[in-house]
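# Reading the structure
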Amino acid sequence: MARVTLDSVARHASVSTQTVSNVINAPHRVRPETLARVQAAIKELNYRPNQASRTLRTRRSRLIGARIEPVRDGVNGAVLAQFLQSLTARTQEAGYRIVVFTATDDDHECSLYEQLLDDHDLDAFVLHATHAGDRRTAWLTERRVPFVTFGRPWGAESEAAHGWVDVDGAQGTLAATRHLIESGHRRIAFLGWPEGPQGAEVGDDRRSGWSALLAVSGLDVPAGYDMGVPDGLDTGRTAAAAMLDLPGPPTAIVCASDSLALGAWTEITARGLRPGVDVAVVGFDDSPAAAVVGLSSVAQPYDEAAAACLRMLQELLATPEPPDVPPTPILLPPRLVVRASG
């Protein structure tokens, strides 16, 4: 059987070889109807691009680096894994491969960037867990290495010249609080993360949706109704216990994460109370554990975020030099998933 070539696909799809090349290397440049026709021809003919030739021609390795996180308490880490799974599937469909690594902090991650660029000539990186004073984005920008972030710039980096995709955390907790108000709750607490540590900006963003809606709804926030603790099941349970011991305990708790919410769930049930009946609780991230126990949670659109990150990278990699104007930022809306807990 004759080897299927770029010319074979072009003839089958009635397009030029350059169009087929664009479909493979820069699909954002191709009209949707043409893209679909060429992709169908590639699949029908079982065409496989010669990676070695492509690398020599484009000077691209088609390798993208991304950090993975350890799974902590069965929830944290598993949440990011959903994004990385979608990113891996999306990049694989586009002819790229994800190179994963672990790092302990910003400096360690930057040292790994240098090693990966030297050893494997990676094309780009996808970062996550952005925060104020993020040294990783500065390191990559100074060296003109293409990258996008899943997470917006924070603090002084709010005007940073790089592409980013994020989920509107404030909109998510606002939706959760609105649902609880419409369900008849008037004593609604928030269980989030403490101020100060790296990544606290995400927690502040999620807290703001809750506080803003309570303010416009004329609902009070008594002392002890707004707590910040390190993320985790045990800390969530301890904080929920303190809330439930208040003279006027909340009838609903909005949480900044599923870990905190599941900790609150554990304390509620340990007291013989019923989540969603006696005390409502809503988490954030819609982890697999939330679905198992029936925890209401705010779902992040991981697949949509992964697709948007890949499109940005393809735009950056389509030119030999980083553009003067970064890709337009994308802020995606989350979705409230209501289950038995309220």
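Now for a look at the structure at hand.

The rules we used
Residue numbers restart at each chain and count upward from 1, following the sequence in its written direction. Local features are withheld for residues below a pLDDT of 70 in this predicted model, meaning they are given only at 70 or higher, and side-chain atom pairs are given and counted only at 80 or more; totals for whole chains, interfaces and linings count all residues. As a rule here, side-chain values cover all heavy atoms of the structure and leave hydrogens and water aside. Type-normalised accessible area, obtained with a 1.4 Å probe on protein chains alone, sets the label of each residue: buried when under 20%, exposed when over 50%, and partly exposed for intermediate values. Think of it this way: any DSSP run of H or I at least four residues long counts as a helix, any run of E at least two long counts as a strand, and we number them from the N terminus. Two strands pair under a simple rule: DSSP has to find at least two bridges between them. With the strands aimed away from the viewer, a crossover counts as right-handed if its path from the first strand over the helix to the second runs clockwise. All axes are obtained by fitting lines to C-alpha atoms, using only the stretch in contact for helices, and the reported angles, taken between N-to-C directions, cover 0 to 180 degrees. Any Lys or Arg side-chain nitrogen found within 4 Å of a carboxyl oxygen on Asp or Glu counts as a salt bridge. Residue contacts are defined here by distance: any two heavy atoms, one from each residue, within 4.5 Å place the two residues in contact.

### Brief notes about the pairing of strand E9 (residues 280–284)
The buried fraction of E9 is high, at five of five residues. In this sheet, E9 lies alongside strand E8 (residues 252–255) in parallel orientation, the contact comprising three bridges. Counterpart to Val254 in the pairing with E9 is Val282. As a crossover connection, the stretch from E8 through helix H11 (residues 258–270) into E9 is right-handed.

### A word on the sheet that holds strand E11 (residues 330–332)
In a beta sheet, neighbouring strands pair by backbone hydrogen bonds and run either parallel or antiparallel. The strand order across the open sheet formed by six strands is E2-E1-E3-E4-E5-E11, and the pairing between neighbours is parallel. Either end of the sheet is taken by a strand with one partner, and the two such strands are strand E2 (97–101) and E11. Averaged over all pairs of adjacent strands, the angle between their axes in this sheet comes to 20 degrees, without regard to strand direction. The pairing of strand E4 (residues 147–150) with strand E5 (residues 163–167) spans three bridges and is classified as parallel. Counted as the bridge partner of Thr149 is Trp164 from E5.

### Brief notes about the pattern of salt bridges
Counted under the stated rule, the structure contains 19 salt bridges. The partner of Arg67 in a salt bridge is Glu69, and the shortest N-O contact between them spans 2.2 Å. A relative accessible area of 10% places Arg67 in the buried class. Accessibility expressed as a relative area gives 24% for Glu69, which makes it partly exposed. Sharing partners across several salt bridges, the network here consists of Arg67, Glu69, Asp106, Glu109, Asp134 and Arg136.

### Some thoughts on the sheet that holds strand E7 (residues 226–228)
On the basis of which strands lie adjacent, the open sheet formed by six strands has the order E7-E6-E8-E9-E10-E12 and mixed pairing. Looking along the sheet, the strands with just one partner apiece sit at the ends: E7 and strand E12 (335–337). Here the average twist between neighbouring strands, direction ignored, is 20 degrees. Strands strand E6 (188–192), E8, E9, strand E10 (296–299) and E12 of the sheet are contacted by helix H8 (residues 169–182), whose axis makes an angle of about 165 degrees with E9. Across the face of the sheet, helix H9 (residues 200–217) comes into contact with E6, E7, E8 and E9 while running at roughly 170 degrees to E6.

### Some details on the environment of Leu336
Along the polypeptide, Leu336 turns up in strand E12. Here Leu336 falls in the partly exposed class, since its relative accessible area comes to 24%. When the C-alpha atoms of Leu336 and Gln171 are compared, they prove to be 9.8 Å apart, with 165 residues separating the residues in sequence. If we ignore the near neighbours within four places in the chain, the residues touching Leu336 are Ala175, Ala176, His179, Val282, Ser297 and Val298.

### A few points about unusual backbone geometry
With a phi close to 55 degrees, Asp121 is a non-glycine residue in the positive phi region. Looking at the element boundaries, Asp121 is found in the loop between helix H6 (106–120) and strand E3 (124–128). Given the relative accessible area of 47%, Asp121 is considered partly exposed. Phi angles above zero are rare outside glycine, and Arg144 is one such case at about 55 degrees. Mapped onto the fold, Arg144 is located in the loop between helix H7 (135–142) and E4. Arg144 gets classed as partly exposed once you look at its relative accessible area, which sits at 48%.

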